[in-house]
Amino acid sequence: MFALRDEDNALDVVQDAMLKLSERYGDRPLEELPALFQRILQNAINDHFRRSKVRNLWTSLLSMFSPEDGDNEGLDPIETLGAESDNNAFLPPPDQLERRRLLEILEQEISLLPLRQRQAFLMRYWEEMDIAETAAAMGCSEGSVKTHCSRATHTLAAALRAKGIVNS
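Here the structure is a predicted model, which is why all the values come from computation and not from measurement.

Conventions we followed
- Residues numbered from 1 in each chain as written.
- Predicted model: local features only at pLDDT ≥ 70, side-chain atom pairs only at ≥ 80, totals over all residues.
- Heavy atoms only, no water.
- Helix = DSSP H or I, 4+ residues; strand = E, 2+ residues; numbered from the N terminus.
- Buried < 20%, exposed > 50% of the residue type's maximum accessible area, 1.4 Å probe, protein only.
- Contact = heavy atoms within 4.5 Å.
- Areas by Shrake-Rupley, 256 points an atom, 1.4 Å probe, with all protein chains shown as cover.
- Disulfide = S-S within 2.5 Å.
- Salt bridge = Lys/Arg side-chain N within 4 Å of Asp/Glu carboxyl O.
- Core = buried A, V, L, I, M, F, W, Y, C linked by side-chain atoms within 4.5 Å.

Undergrad: Residues and numbers for the overall build of the protein chain, please.
TA: When its secondary structure is counted, the protein chain shows 7 helices and 0 strands. When the helices and strands of the protein chain are read in sequence order from the N terminus, they spell out α-α-α-α-α-α-α. Residues classed as buried in the protein chain amount to 33% of the 168 residues present. Pairs at least 24 apart in sequence give 59% of the contacts found in the protein chain among residues at least 6 apart. Of the roughly 10,600 Å² of accessible surface on the protein chain, a fraction of 52% belongs to carbon and sulfur atoms.

Undergrad: For the side chain of H148, give the residues involved together with the corresponding values.
TA: Take H148: it is sitting in helix 7 (residues 142–162). Filtering out sequence-adjacent residues up to four positions away, H148 remains in contact with R116, Q117, A120 and M138.

Undergrad: Residue-level account of the state of the cysteines, with values.
TA: Across all of its chains, the model carries 0 disulfides by this definition. The thiol of C140 is unpaired, and the distance to the nearest cysteine sulfur, on C149, comes to 9.2 Å. Taking the relative accessible area as the measure of exposure, C140 reaches 21% and is therefore partly exposed. Among the residues examined, C149 registers a relative accessible area of 3% and is labelled buried.

Undergrad: Go over the pattern of salt bridges, please, and point to the residues and values.
TA: Under the defined criterion, the tally for this structure stands at 2 salt bridges. Where E32 meets R28, a salt bridge forms, and the shortest distance between an N and an O atom there is 3.2 Å. For E109, the salt bridge goes to K163, with nearest N and O atoms at 3.6 Å. You can see E109 sitting in helix 4 (residues 93–112) and its partner K163 sitting in the segment after helix 7, a full 54 residues away along the chain. Judged by its relative accessible area of 12%, E109 is buried.

Undergrad: Lay out the nonpolar core with the relevant residues and their values.
TA: Ranked by internal contacts, the top residues of the largest apolar core, which has 19 residues, are I110, F121, Y125, M138, V145, C149 and L156. Within the residue set of this core, elements represented by two or more residues are helix 4, helix 5 (115–126), helix 6 (131–138) and helix 7. Ranked by size, the runner-up nonpolar core spans 10 residues in total, among them L33, I40, A44 and I45.

This is how it looks when you write it as structure tokens:
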């Protein structure tokens, strides 16, 4: 069994599990609720770690990028994420140019994804929407969201590796 070491994340996961229990199983007998809650909580923890793993991969990859300027208004989430990295602001011009080129490659690869994959990927990992929220926004099942995200992640990773961009 996994344990969440960050109290805020732990409280969020427990709250989400409690909401799911009450929304989906409120009509069940009282004796069944502890076992149901335990299972829902374990699934919520697993989902949290899965999301964190993917988010951390893309965050570390995108931390290499710097924004074109300091004005974040109107930027898409990828540029905003790059702008949040303070250590990129004072790089030598050749490094800044290289990072801008890498950002352009990533944006291009994301734009080449099929529409549904691109939507699911951006909603899940940049907007940080959960699976249910993404499914509702896209008008599809949660399973479809998972499939679209998985395919998008694998496609992007392969495309970046093919261009010699690896997560260091």
